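# Structure at a glance
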Amino acid sequence: MRAVENALGITIPDNARIIRNLITGIQYVQDHVIHFYHLHALDWVDVVSALKADPAKTSALAQSISDWDKSSTTYFKAIQDKLKAFVESGQLGIFANAYWGHPAYKLPPEANLMAVAHYLEALDWQKDVIRIHAVLGSKNPHAQTYLVGGMALPVDPNSQNALNVEGIALIIELANKAKTFVEKVYIPDLLAIASFYKDWAGYGAGVGNFLAYGVFEQDNVSNTTNLYFPRGIIKNKDLSKVYPVDQTKIAEYVTHSWYEYPEGDGKSKHPWEGVTKPNYTGPKPPYEFLETNQKYSWLKAPRYEDTAMEVGPLSRMLVAYASGHKRVKEVVDSVLKKLGVGPEALFSTLGRTAARGVETLVTAEMLLVWLGQLEQNIKRADLQIHNNEKWDPSTWPKEAKGYGFHEAPRGALGHWVRIVDGKIENYQCVVPSTWNGSPRDAKGQKGPYEVALIGTPVADPNKPVEILRTIHSFDPCMACAVHVVDTEGKEFTRIRIV
Amino acid sequence: MKIPDEKELGFMEKLAQKGISRRDFMKFCTMMAATLALPASFAPKIAEAIEKSKRPSLVWLEFQDCAGNTESFLRASKPTVVEIVLNLLSVDYHETIMAPAGKQAEKSLDDVVKNQKGKYITVVEGAIPTKDGGVYCCIGGRSAVDIVKEVCGNAMATIAVGACAWDGGWPAASPNPTGAKGVKDVVSGITLINLPGCPMNVQNLTGVVVHLLTFGALPATDELGRPLFAYGERIHDHCERRAHFDAGQYVRQWGDEGHRLGWCLYEMGCKGPETFQNCPTIRWNDATNWPVGSGHGCIGCASPRFWDTMTPFYRRLPKVPGFGVEATADKIGLGLAAVTAAGVVAHGIARAVKGKGPEQGEKKE
Amino acid sequence: MQQQRSRVYVWEFPVRFTHWINLLCILALSITGFYIGNPFIQAYSAKQYIMGWIRFIHFVAAYAFLMSFLIRIYWGFMGNKYANWRAFNPFSAKKIRDLADITMFYLLLKKEPPPAVKKEGHTACAIYVYLGLFILFVIEILTGFALYSQSHYGVFWKLMGGWLLSVINVQNIRLYHHLIMWFLIAFAILHVYIGWFLDKTEKNGLMGSIFSGYKFVTGKELE
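Bear in mind that the values here come from a model prediction, so they are computed numbers and not experimental data.

About the thresholds
- Residues numbered from 1 in each chain as written.
- Chains lettered and ligands numbered in written order.
- Predicted model: local features only at pLDDT ≥ 70, side-chain atom pairs only at ≥ 80, totals over all residues.
- Heavy atoms only, no water.
- Helix = DSSP H or I, 4+ residues; strand = E, 2+ residues; numbered from the N terminus.
- Rg over C-alpha atoms; globule rule 2.2 N^0.38 Å.
- Buried < 20%, exposed > 50% of the residue type's maximum accessible area, 1.4 Å probe, protein only.
- Contact = heavy atoms within 4.5 Å.
- Areas by Shrake-Rupley, 256 points an atom, 1.4 Å probe, with all protein chains shown as cover.
- Domains from an automatic or database assignment.
- Buried area = accessible area lost by both parts, 1.4 Å probe.
- Salt bridge = Lys/Arg side-chain N within 4 Å of Asp/Glu carboxyl O.
- Polar contact = N/O pair within 3.5 Å; in protein donor to acceptor, adjacent residues only side chain to side chain.
- Nonpolar A, V, L, I, M, F, W, Y, C, P; charged D, E, K, R; others polar.
- Phe/Tyr/Trp six-rings, centres within 6.5 Å; stacked < 30°, edge-to-face > 60°.
- Lys NZ or Arg CZ within 6 Å of the ring centre and 35° of its normal.
- Pairing = 2+ DSSP bridges.
- Axes fitted to C-alpha atoms, helices over the stretch in contact; angles between N-to-C directions.
- 1 Å grid on protein atoms, 1.4 Å probe; cavity = no way out; pocket = protein on both sides within 12 Å on 5 of 7 lines; lining within 4 Å.
- Points joined across faces, edges and corners; volume = space filled by probe spheres on them.
- Patch = residues over 30% accessible without salt bridge, like charges linked within 9 Å, V, L, I, M, F, W, Y side chains within 5 Å.
- Expected span 1.5 Å × (residues − 1).

### A word on the overall build of chain A
Helix and strand content of chain A: 13 helices and 13 strands. The globule rule puts the C-alpha radius of gyration for 498 residues at 23 Å, and the 23 Å found for chain A is close to it. With respect to the three principal axes, the spread of C-alpha positions in chain A is 70 × 60 × 45 Å. Taken over 498 residues, chain A has a buried fraction of 63%. In chain A, once contacts between residues fewer than 6 apart in sequence are set aside, the share between residues at least 24 apart is 73%. By element, 52% of the accessible surface of chain A is carried by carbon and sulfur atoms, the whole surface being about 17400 Å².

The structure is reproduced here in C-alpha cells:
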C-alpha cells in the first residue's frame, strides 16, 4: 500500500496517518505481549514447577515488583488449584511433552506460578485491547480499512456511523488498559525473569548489524524519515554511529534458496528487479536433514550492502538509542540499570527480549498522544481520511515504481512495486523473517539466526530449550512451522508462503 | 461418532475441581469393580465408561497459512481461549501456542493420532500444496499432504478454518504456483466442516465445537460444506446499512458525506450482496465492529476462491476478460452500442448516396 | 419486375403481442438494471425507496418478460408457419445459402435481396440473429434468477437458475447478465434500422406489419 502510494506520489491525509499509527501501535503492544507470554515465556518458565509454589510467597514476590492488583495469596492459590486440576486431569494439551524439569529452567516455583498467572491474564487482556483494531480497522486479525491513499474509516464527531467520541472513548479505555498492563505486569515480569537469566546476555548475539526502517510517521511525506522510532543502520555493534538507509543497497540472494534467477544464482537482485521462480532441489519428503552447502530454504537471503542484517525490536531500539531518542534512552538505561548490566548486554538473546519490552512500553505511552493529535484535527474540523486524487487507475502514469517501508512488530518490512498500464508488473516483499532467518548468501555469509546460535550451550541435545530461547527471541514468523533442530543447532523452516 | 455430552463433562470438571486425581480415579474404578464382584480386569472398562467425560482432544494443523485463524482463535471470548484450553477441550497440538517444539511437538501429535484414533477433532488452517510432491510445505520433513491425510483421516471430525483450508484461499489464487488446495480436495471420505473467511470468525469455531459437544454431531451444512448457522444467509440481507441501499443512498467517494453518515457501500464495491456469512449479526472482536460497520465494503472473504472471484474489491463488476484494467463492462457495452449506431448511420448515408462501395465500420446484420 | 403484390397475414396476434411486451420489458429491465448496476440517482432522504422500487420494477418486468418468452415458445408450436419453430431451423441448406446473399445485400454490395425476402416472414439473416437473441434471452433469464436466488431461498429458485451459482462464480454471472444488456441494446438499434431499410427498399410494409400483422409479398407463396 505504501509502495503503491510511493509509486503514484500520493500524500495521505493527516488523519489517515494518525489512525495508521494507532493501529500499528496497539498491534505492537498486543503482539509483543503475546509473544512474551505465549510464544516465548515457556522457554524460561517451568509451568509444572509452579505447582510447588507457595501462594503466599508468590503474592509477596508479585507485590514486591508491582502494585498490580491481582496479587493476593488467594488469587495465586486459585490459579494454582486451577493448574493442579488441569495437570491432574492427565490431559496436558498444549503443555504436554514440553521440557518441564529441564535443568536450564532457573526460576523458583513462586516466579513460575506468577508467570503462569500472568500467562492466563495476558490471554484475556490481549483479546480486549486489540478491540482498538476493531474500532479503527473493522476487525482483528486482518484489519480491512487500509486504502491506497488513506483509510476507509470516516471520522465525524456528529455521526453515529463514523469514528466519533464513543469510539474515541473506547480507544482511550483500551489504550489505558494496555498501558497499565504493560507497566504493571509485563515489564516487572520481564525484569524479574531476566534477573534469573542474566547469563543469557552473553549468548545469541547474532550478526551485530542492525537495520531499522523506522516507524510511526510524524508527517505525511511518502516514506518520510520523520519517524517516532527512527530509521537507520548500526554496523558491528557500534552504537556511536547510525548510518542512513538507502533502499537501493538492498538485494536478495537465492544461492541457498529454492529459487533460481535467470542470470544465475551467484548474483543478488534488487527487489524492483526481483524474480521469484521456485526451483526445489531438496530431498523428496519425508526427509530427516537438509544439506546446508546446497539450497536448503524457501527464504531468500536479503542483504544490505552485501551484509546480513538483523531486524526487529532490538534493531529499532538500538537505532533509536544510538540516535539519541530521549524516551527510548531513558527506558533502556533504566532497564540496564535494574539488571545491573551495560549496553553491550543488549547484543544478545536477553537483549532482544528486553528490547521488545522497552518498545512495548514506549509505544503504549504514545497511543494516547497520537489519539490526542487526532482529536486536535477533529476539533479543527479536519475530517479528511482519504486522498481521492489517484483512486481511479485512469489517473495513473503509464509506468510507475515505488517502495514502501514499514516496521512489523517482528521487524523491517519492505515492499517494492512496479506498475505498468495500471497493473502490477512486479511485486516483491522483503519481510522481517527473511532478514533474520536468512539462509547463506553467495559468499557463504550466514543469517542472524544461524550466527546467533553459534556458541549457545545446550545441556541436553535432545531437549534443546536453549536453542528455542534464541530463535524465539527473534519472534520468527514461522508460527506456521515446527522447527526441526539438528544437533549442530541449525534451524530451518520449510514453510513457503507464496 | 462418540462424544461426551455436556453433563458428563460437567461431572469430570467437578471431579477435577475437587482435586480428585487420575490416580484416585483409577483406584475408585478398581474399587467399584470389586464392589460389583467383577474381575479386576473390568476396572479399565469402567474407567473407560466414565472417562467418556474426558475432554476431547483437538489437534490444530497449520500449513500454507499466516496464523490469522490462530490469532482469531486467541480472540475467542465466548468461551475464552483460556476456558477452551483448560476446560472444554484438550488442545494437544497447536504449533503456534504449544509449549514443546521439534521432536517433542511431533510426539504430541503422534500420541493423539495413535492413541485416540477416531476420537479427536482436527482443525486445519492453511492450504495444502500438492504440486511437485508437496515440497512447498514440509513440516518435520513430511509433506503437508502426507500429514493431513494421516491426521484428518484418523480424526472423528475435521474443521477446516479460514479460506485457505477450505478451497486453497490465497495460496491457490491464480496462477497457484504451488498447486495449493483445501482439505476437501485433498482428503476424501472424512467428516469435514468448513469455516471459510479471512480469517474465520472464532465465534463460529466455538459455535461448531459447542454444537459438536452438545448435540454429538456436526451442524448441518450447505452444499459448500459450510455450517448453515453461520453461512446460511447473505450479508446484504442482514446489513445495518441495507435501508440506505433500498433508499438509494450511496457512498460515492471515501470520506464523503455519505461515508461519514454510514450510507451503503455498494458503489465502493462492497461484496455483501454476494457473500454468505453472519458478520453483520455476530460482528468481530466481542461484537465491537465489522468491515461494513467501520466504513469499508465486504470483500467476500467467505466466498469460493475469493481472491480470484471477488476482485476487484472496489468495483461492482469484475473486469471483462481480454480488456484492459480500466475497461468496465459499461464502457465496453457503450462502445458496442456506439459502434452499432455508427454503423447504422454510415449505412444510411451510403445508401442515400447510393454509393456502391462497401462502408467501413459497417456492422453485419 | 413483377408487381404482383398481395397482402399476407404473417404475424399473428401472439407474435405481435409478445414482441411489444418484450420491447417494454427489455426497456424497463435495461433502465432499471442499469440503475441497479450503477445507481446514478442519489436519494436525499433515507425515507425514499428508490432502489427498492427500481428493483421491484426490475423483478416484475422480469416475470412479465419470462411469461412473454414462454408464450412465444408455446406459439412456436401452435402458430402459423412464420411463427413455427421449424422456420428457425438453422441447419436448413437454403437458409445458409440465403445468408450470404442477404448479407451482400445489406452491405450494399448487391442491389437485390434474395427472393426469399420477398416471400417469407424472416430473412435468413434474421433467423440466425433471432436464434442468437433467443439464446441471450435464456442466459439473461437464467443468470437473473441465479442472482435472485441469492436472497430467495428454496428449491424452486435453485431450479430456476440458482444451480448456476455452483457452476460459474456469482460475480461472473453478474457480469454476463450486465453485458448482455448492451448486446440487446445494440440489437435493438440494428433491428429497427434494418426493418426500416427493408421497408424502404422493398416497400413491403415491414414496419407496419408488426402492428397490423400484414406484410406485402411479391410473387407466389412457394411453400
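### Regarding the overall build of chain B
Counting its secondary structure elements, chain B contains 16 helices and nine strands. Looking at chain B as a whole, 60% of its 365 residues are labelled buried. Looking at chain B alone, contacts between residues at least 24 apart form 69% of all its contacts between residues at least 6 apart. Carbon together with sulfur atoms contributes 58% to the accessible area of chain B, which is approximately 14000 Å² in total.

### Brief notes about the domain arrangement of chain B
All names here are of chain B. Split into domains, chain B comes out as domain 1 (6-231) and domain 2 (235-360). In this complex, domain 1 contributes 25 residues to the contact, which on the side of domain 2 involves 16 residues. Summed over both sides, the interface between domain 1 and domain 2 buries roughly 1600 Å², with carbon and sulfur atoms accounting for 53% of that surface. Its largest share of buried area at the contact with domain 2, domain 1 owes to Cys 198, Asn 201 and Tyr 231, together 26% of the area lost on that side. There are zero salt bridges connecting domain 1 and domain 2. One can count eight residue pairs in polar contact (both at pLDDT 80 or more) joining domain 1 with domain 2. When contributions to the side of domain 1 that touches domain 2 are tallied by element, the ones reaching two or more residues are α8 (162-167), α9 (202-215) and α10 (228-231). Residues that form the side of domain 1 that touches domain 2 fall into these classes: 13 nonpolar, eight polar and four charged.

### Focus: the environment of Asp 31 of chain A
Residues and elements named next belong to chain A. When you line up the elements, Asp 31 lands in helix α2 (residues 14-40). Put simply, Asp 31 and Ala 408 are 377 residues apart on the chain and 9.9 Å apart in space, counted from C-alpha to C-alpha. Those residues in contact with Asp 31 that lie beyond four places of it in its chain are Pro 409 and Asp 475.

### Description of the packing of aromatic side chains
All names here are of chain A. Within this structure, the stated rule accounts for 65 aromatic pairs over all chains. Taking the centre distance of 4.8 Å and the plane angle of 65 degrees together, the rings of Trp 44 and Tyr 197 count as edge-to-face. On the criterion of sequence distance, the pair formed by Trp 44 in the loop between α2 and α3 (55-65) and Tyr 197 in the loop between α7 (165-196) and β3 (210-212) is long-range, its members being 153 residues apart. Where Phe 405 meets Trp 416, the ring centres are 6.1 Å apart and the plane angle is 75 degrees; that geometry is what we call edge-to-face. In this pair, Phe 405 sits in strand β9 (residues 399-408) while Trp 416 sits in strand β10 (residues 411-420), placing the two residues eleven residues apart along the sequence. With respect to burial, Phe 405 and Trp 416 carry one shared label: buried. An aromatic cluster is built from Phe 36, Tyr 37, Trp 68, Trp 125, Phe 181 and Tyr 186, whose rings are joined through pairwise contacts. When the ring centre of Phe 474 is taken as origin, the NZ or CZ atom of Arg 352, which lies over that ring, is 3.8 Å away.

### Focus on the sheet that holds β9 of chain A
Residue and element names in this part refer to chain A. The strand order β9-β10-β11 describes an open sheet built from three strands, whose pairing is antiparallel. Each edge of the sheet is formed by a strand with only one pairing partner; in this case those strands are β9 and β11 (423-430). With direction set aside, neighbouring strand axes in the sheet form an average angle of 15 degrees. Of the strand pairs in this sheet, β9 and β10 are connected by ten bridges, and their pairing is antiparallel. Each residue of the ladder has a partner; that of Ala 400, found in β10, is Ile 419.

### Description of empty space enclosed by the protein
Residues and elements named next belong to chain C. Estimates place the volume of the largest cavity at around 780 Å³. Around the largest cavity sit 32 residues that line it, and Ile 36, His 58, Gly 144, Leu 147 and His 177 are the ones nearest its centre. Looking at the lining of the largest cavity, the elements with two or more residues in it are α1 (13-37), α2 (50-78), α5 (124-148) and α7 (170-202). Classifying every residue of the lining of the largest cavity by side-chain character gives 17 nonpolar, ten polar and five charged.

### Let's talk about the interface of chain B and chain A
Contacts between chain B and chain A engage 88 residues on the former and 81 residues on the latter. A combined buried area of about 6900 Å² lies between chain B and chain A, and 60% of that area is made up of carbon and sulfur atoms. The shortest N-O distance in the salt bridge between Asp 156 of chain A and Arg 260 of chain B comes to 3.2 Å. The tally of links between chain B and chain A comes to 23 residue pairs in polar contact (both at pLDDT 80 or more). Top contributing element to the side of chain B that touches chain A by residue count: helix α6 (residues 102-115) of chain B, with eight residues. Looking at the side of chain B that touches chain A, its residues break down into 37 nonpolar, 31 polar and 20 charged.

### A look at the pattern of salt bridges
Note that side chains of opposite charge can pair when their charged atoms are close. Under the defined criterion, the tally for this structure stands at 42 salt bridges over all chains. In this structure, Glu 274 of chain B engages Arg 316 of chain B in a salt bridge whose closest nitrogen and oxygen atoms are separated by 3.4 Å. With a gap of 42 residues between them, Glu 274 of chain B in the loop between α12 (257-261) and α13 (279-282) and Arg 316 of chain B in the loop between α15 (306-309) and α16 (329-353) connect regions that are remote in the sequence. Relative accessible area serves as the criterion here: at 2%, Glu 274 of chain B is assigned to the buried category. Residues participating in the shared-partner salt-bridge network are Lys 326, Arg 327, Glu 330 and Glu 365 of chain A.

### A closer look at a nonpolar patch on the surface
All names here are of chain C. On the surface, a cluster of nonpolar side chains totalling about 1100 Å² of accessible area is made up of Tyr 63, Met 67, Leu 70, Ile 73, Tyr 74, Phe 77, Met 78, Trp 85, Phe 134, Ile 135 and Ile 139. Elements with a contribution of two residues or more to the nonpolar patch: α2 and α5. Here the element with the most residues in the nonpolar patch is α2; it accounts for seven residues. With respect to the helices and strands, Met 67 occurs in helix α2.

### Notes on the pairing of β10 of chain A
Look at any regular strand and the pattern is simple: side chains alternate between the two faces of the sheet. Residue and element names in this part refer to chain A. Most of β10 sits out of view: eight of its ten residues are buried. Between β9 and β10, which pair antiparallel in sequence order, lie two residues. In this antiparallel pair of consecutive strands, β10 and β11, the connection spans two residues, and Asp 421 shows a positive phi of 55 degrees.

### Notes on the interface of chain B and chain C
In this complex, chain B contributes 47 residues to the contact, which on the side of chain C involves 49 residues. For the pair chain B and chain C, the summed buried area comes to about 4200 Å², and 62% of that belongs to carbon and sulfur atoms. Linking chain B with chain C are two salt bridges, by the criterion used here. Residue Arg 174 of chain C pairs with Glu 274 of chain B through a salt bridge whose shortest N-O separation is 2.3 Å. The interface formed by chain B and chain C includes 18 residue pairs in polar contact (both at pLDDT 80 or more). Among the secondary structure elements, those contributing two or more residues to the side of chain B that touches chain C are α11 (242-247) and α16 of chain B. Across the side of chain B that touches chain C, the residue classes break down as 20 nonpolar, nine polar and 18 charged.

### Concerning helix α5 (residues 109-129) of chain A
Along its 21 residues, α5 of chain A runs 30 Å from first to last C-alpha, staying within 8% of the 30 Å computed at 1.5 Å per residue. With 19 of its 21 residues buried, α5 of chain A lies for the most part within the structure.

### Points about the environment of Lys 269 of chain A
Residues and elements named next belong to chain A. Relative to the helices and strands, Lys 269 is located in the loop between β7 (250-253) and β8 (301-304). We classify Lys 269 as buried; its relative accessible area is 13%. Each C-alpha atom, one on Lys 269 and one on Lys 443, is 15 Å from the other, the two residues being 174 residues apart in sequence. With near-sequence residues (within four places) excluded, Lys 269 lies in contact with Ala 251, Glu 252, Tyr 261, Pro 262, Glu 263, Gly 274 and Val 275.

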